[in-house]
Amino acid sequence: MEEIETGAVAQERMFGVGMKRSASGIHGFMLPKPRIESPRQVLVKILEVGLDGTDYSMVRHDKKDIAEGRDEIVIGHEMRGIVEDVGSKVISLKPGDDITMTVRRGCGLCWPCKHRQSDYCLTGQYKERGLHKLDGFLTHHCVEEEKYVIKLPKGIEKYGILVEPLSIAEKALEQVRLVQSRIPPACGHPSHGWNNDHWGECKTALVIGAGTLGCLTAALLRLNGVRTFATSRTPEDSFKVQMLRKLGCDYMRVDETGKGIEKVVEKCQQDRHLDIIIEAAGASELALSIIPYMSRSSVYVLTGIPRGQQLATMDTNRLLRHIVRYNQAIVGSVNSNRTHFEMAIDDIGRINEKFGNILDRFITHRFRLQDYKKVFAFEDKNSLKIAVDIE
């Protein structure tokens, strides 16, 4: 921290890492330390930030959405912090509480945003921490409204940077259950209905992707008793695949164009119905190549957002025939809201209990904030989740 004189008042400044309007790549810069300005705000000291493919893709492709009047944006949207101070009307938090935060801030105009479901914003005028017009968390402090700040229970705090990606998986499974409640379970067991506690029994799923989101999605599926397969272009001997197998998943490798996907699906459907497919890779050709092989009355949820352009040739008539004749549902799912964060926090303990504290192994590499250039140049096929220690 440093102080600069602004008239008679000394203003603290802090170091941050992000992107600049005037230059490509990743940069370090100074910015003002925020202050509580309304009674329902919370001042948070940021302890740790998780990085995912979106952060790396933004920097690699120079994709930035910086607020008007600013020349930079702090990136990073997965975080763990501690409350330093609270406004006079804050009731759910106090100094010393371990916390994490949601990412999206609603437009305040549409019905979903007015009812705390900004992940379904109808105007597109939302903002997101570290992504769209709002500073993220690769810095020392932030101030936020109480409703976006979520307390981490004792024993869960060390998994704070996994809450956001797990919340994305929670929402994806919520979409699965909501959509598939249109039909009875294929097994015919009333207790295995999609709205029941044991909904996952007698179900089969395929997860596309072996990164953090893919592994966490697989963990939730397995937690609910779903027979789970996984596929990606990740080598069989990688640490990520080891984690998937420890979760009880069958893993089969394909290339990024989807070559070999028909054999993967054939194995998934052997003597069973492939009820669920969840895409968590952001590889568009692979994601689309699987549609013609989906089972009847199944659901496919896509969560990946590819950058750039990818041209591919496919039989569109066959694609449409398959979707319509087979009663298939294909759903896009983006972001999550506070409810999904709370679901994720509840499930962290359950995942660890069932799978021998497996989440302790998810953070594979750590860096310091001042080593930000090394972080964004880092590549390792065995990297699952990268954490940046702020202090």
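Before reading on, note that the structure itself is shown above.
Residues numbered from 1 in each chain as written. Predicted model: local features only at pLDDT ≥ 70, side-chain atom pairs only at ≥ 80, totals over all residues. Heavy atoms only, no water.

Novice: For this particular structure, what's the right way to read the overall build of the chain?
Specialist: The secondary structure content of the chain amounts to 10 helices and 20 strands. In terms of overall size, the chain behaves like a compact globule, its C-alpha atoms giving a radius of gyration of 22 Å where 391 residues would be expected to give roughly 21 Å. When the 391 residues of the chain are sorted by exposure, 52% land in the buried category. Of the contacts made within the chain by residues no fewer than 6 positions apart, 68% connect residues no fewer than 24 positions apart. Looking at charge distribution, the chain has the averaged site of its 55 positive side-chain charges lying 3 Å from that of its 52 negative ones. (Helix = DSSP H or I, 4+ residues; strand = E, 2+ residues; numbered from the N terminus. Rg over C-alpha atoms; globule rule 2.2 N^0.38 Å. Buried < 20%, exposed > 50% of the residue type's maximum accessible area, 1.4 Å probe, protein only. Contact = heavy atoms within 4.5 Å. Lys, Arg positive; Asp, Glu negative; His and termini not counted. Charge placed at Lys NZ, Arg CZ, Asp CG, Glu CD.)

Novice: Can you help me understand the pattern of salt bridges in this one?
Specialist: Oppositely charged side chains are able to pair whenever their charged atoms sit close together. Taken as a whole, this structure holds 22 salt bridges when the rule is applied. Taking the shortest distance from any N to any O, the salt bridge between Arg366 and Glu48 comes out at 2.7 Å. Taken together, the residues Arg366 in strand β19 (residues 363-368) and Glu48 in strand β4 (residues 41-51) connect sequence positions 318 residues apart. Judged by its relative accessible area of 46%, Arg366 is partly exposed. Between Lys171 and Asp119 there is a salt bridge, and its shortest N-O distance comes to 3.0 Å. (Salt bridge = Lys/Arg side-chain N within 4 Å of Asp/Glu carboxyl O.)

Novice: How do you make sense of the packing of aromatic side chains when you look at a structure like this?
Specialist: Two numbers describe a pair of aromatic rings. These are the distance of the centres and the angle of the planes. Taken as a whole, this structure holds 4 aromatic pairs when the rule is applied. When the ring of Tyr56 is compared with that of Phe376, the centres are 5.1 Å apart and the planes differ by 45 degrees; the resulting orientation is tilted. With Tyr56 in helix α1 (residues 53-61) and Phe376 in helix α10 (residues 372-377), the pair connects residues that are 320 residues apart, well separated along the chain. A residue is classified by how much of its surface remains accessible, and Phe376, at 15% relative accessible area, is buried. A cation over an aromatic ring shows up here: Arg104 above the ring of Tyr126, its NZ or CZ 3.5 Å from the ring centre. (Phe/Tyr/Trp six-rings, centres within 6.5 Å; stacked < 30°, edge-to-face > 60°. Lys NZ or Arg CZ within 6 Å of the ring centre and 35° of its normal.)

Novice: I keep staring at helix α9 (residues 338-354) and nothing clicks. Help me out?
Specialist: Every α-helix carries 3.6 residues per turn, so stepping three or four residues along brings you back to the same face. For α9, with 17 residues, the first-to-last C-alpha span of 25 Å sits near the 24 Å given by 1.5 Å per residue. For α9, every residue scored as buried is listed here: His340, Phe341, Ala344, Ile345, Asp347, Ile348, Ile351 and Asn352. Remark: Gly356 follows α9 within two positions and exhibits a positive phi of approximately 60 degrees. (Expected span 1.5 Å × (residues − 1).)

Novice: What is the right way to read the environment of Cys110 from this model?
Specialist: For Cys110, the position within the fold is in the loop between β8 (104-105) and α2 (111-114). Owing to a relative accessible area of 7%, Cys110 belongs among the buried residues under this scheme. A C-alpha to C-alpha distance of 35 Å links Cys110 and Gly25, two positions 85 residues apart in sequence. If sequence neighbours within four positions are ignored, Cys110 has contacts with Cys121, Leu122 and Thr123.

Novice: Where do I start with the sheet that holds β8 in this structure?
Specialist: Across a sheet, paired strands are connected by hydrogen bonds in the backbone, their directions being either parallel or antiparallel. Spatial strand order, β8-β9-β10: 3 strands in an open sheet with mixed pairing. The sheet is open, and its two borders are formed by β8 and β10 (133-134), each paired with just one other strand. Alignment of strand β9 (residues 127-129) against β10, held across 2 bridges, turns out to be parallel. Within the sheet, the bridge partner assigned to Glu128 lies in β10 and is Lys133. (Pairing = 2+ DSSP bridges.)

Novice: I would appreciate a short explanation of the sheet that holds strand β18 (residues 329-332) in the present structure.
Specialist: Strands sit in the order β15-β14-β13-β16-β17-β18 across an open sheet of 6 strands; the sheet is parallel. Whereas interior strands pair on both sides, the edge strands pair on one side only; in this sheet they are β15 (250-253) and β18. Direction aside, the axes of adjacent strands within the sheet are offset by 15 degrees on average. In this sheet, strand β17 (residues 299-302) lies alongside strand β16 (residues 276-279) in parallel orientation, the contact comprising 4 bridges. The residue bridging Ile277 from the neighbouring strand is Tyr300, located in β17. Along the sheet, helix α3 (residues 160-180) contacts β16, β17 and β18; its crossing angle with β17, the most-contacted strand, is approximately 150 degrees. (Axes fitted to C-alpha atoms, helices over the stretch in contact; angles between N-to-C directions.)

Novice: What should I look at first to understand the environment of Ser38 in this one?
Specialist: Checked against the element boundaries, Ser38 lands in the loop between β3 (23-32) and β4. Exposure remark for Ser38: the relative accessible area of 23% places this residue in the partly exposed category. Spatially, the C-alpha atoms of Ser38 and Glu342 are 25 Å apart, while their sequence positions differ by 304 residues.

Novice: Explain the side chain of Asp52 here, please?
Specialist: Along the chain, Asp52 falls in the loop between β4 and α1. One buried charged residue, Asp52, remains without a salt bridge, the closest side chain of opposite sign being Lys385 at 5.4 Å. Those residues in contact with Asp52 that lie beyond four places of it in its chain are His77, Glu78 and Lys385.

Novice: Any chance you could explain the nonpolar core here in plain terms?
Specialist: Most often, soluble globular proteins have nonpolar side chains that are buried together. Ile276, Ile351, Leu359 and Phe362 are the most contacted members of the largest nonpolar core, which totals 52 residues. Where this core is concerned, the elements lending two or more residues are α3, β13 (204-208), α4 (212-223), α5 (239-246), β16, β17, β18 and α9. With 9 residues, α3 is the largest single contributor of residues to this core. Contacts of Leu359, omitting those with residues within four sequence positions, involve Tyr159, Leu162, Leu216, Ile348, Ile351 and Asn352. (Core = buried A, V, L, I, M, F, W, Y, C linked by side-chain atoms within 4.5 Å.)

Novice: Whenever I open this one, the pairing of β19 confuses me. Can you help?
Specialist: Working note: regular strand, side chains alternate between the two faces of the sheet. In this sheet, strand β20 (residues 385-389) lies alongside β19 in parallel orientation, the contact comprising 5 bridges. If you follow His365 over to β20, its bridge partner there is Ile386.

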